[in-house]
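Listed below are the residues making up each chain.
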Amino acid sequence: MEATASLNSIPMSVRKMRLVVDLIRGKRVGEALGILEYSKQEAAIWLRKNLLSAIANWEYKTDGLESADEYDLIVSEIFADAGAQIKRFRPAPHGRAHRIRKHSCHITIKVSNTLPIPSEKVEATEPETVEE
């Protein structure tokens, strides 16, 4: 089973966000939370919030019957995309103006379990035979 969480319009450049995103890609959820907890970058705060949301979404998809700790969740997919730019102007010498671009980004995290959930197990059905 897979669950997704996304955050949009985070006021940070995508380049700074991707530095931290690359640290947790493919890791177990507990390990990823530990990395984000002790990281000094501001991006880690946003990613931790989004990762906790993805875990909560996974538990919700199982109707609250399963705990994320038991099924060894991993960060199966994570990416950061560029968002809209806010354009501002700042005074410059000789009566001119310089443009300032304030970047934003979007984050998407997908978590999935490595151990099978009992409700996910598909029972093998025997093919029906046609009698003539």
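Residues numbered from 1 in each chain as written. Predicted model: local features only at pLDDT ≥ 70, side-chain atom pairs only at ≥ 80, totals over all residues. Heavy atoms only, no water.

Identification of the protein chain as Large ribosomal subunit protein uL22 from Neolewinella xylanilytica is taken from an unreviewed UniProt entry. Regarding the protein chain, the UniProt comment filed under Subunit (unreviewed entry) reads as follows: "Part of the 50S ribosomal subunit." (UniProt positions renumbered as here; feature names shortened; annotations may be inferred.)

**Here we look at the sheet that holds strand 2 (residues 73-82)**
Strand order across the open sheet formed by three strands is 1-5-2, with antiparallel pairing between neighbours. Each end of this open sheet is capped by a strand with a single partner; those strands are strand 1 (2-10) and strand 2. With direction set aside, neighbouring strand axes in the sheet form an average angle of 15°. Sheet topology note: the strand 2/strand 5 (residues 105-113) ladder contains nine bridges and is antiparallel. (Pairing = 2+ DSSP bridges. Helix = DSSP H or I, 4+ residues; strand = E, 2+ residues; numbered from the N terminus. Axes fitted to C-alpha atoms, helices over the stretch in contact; angles between N-to-C directions.)

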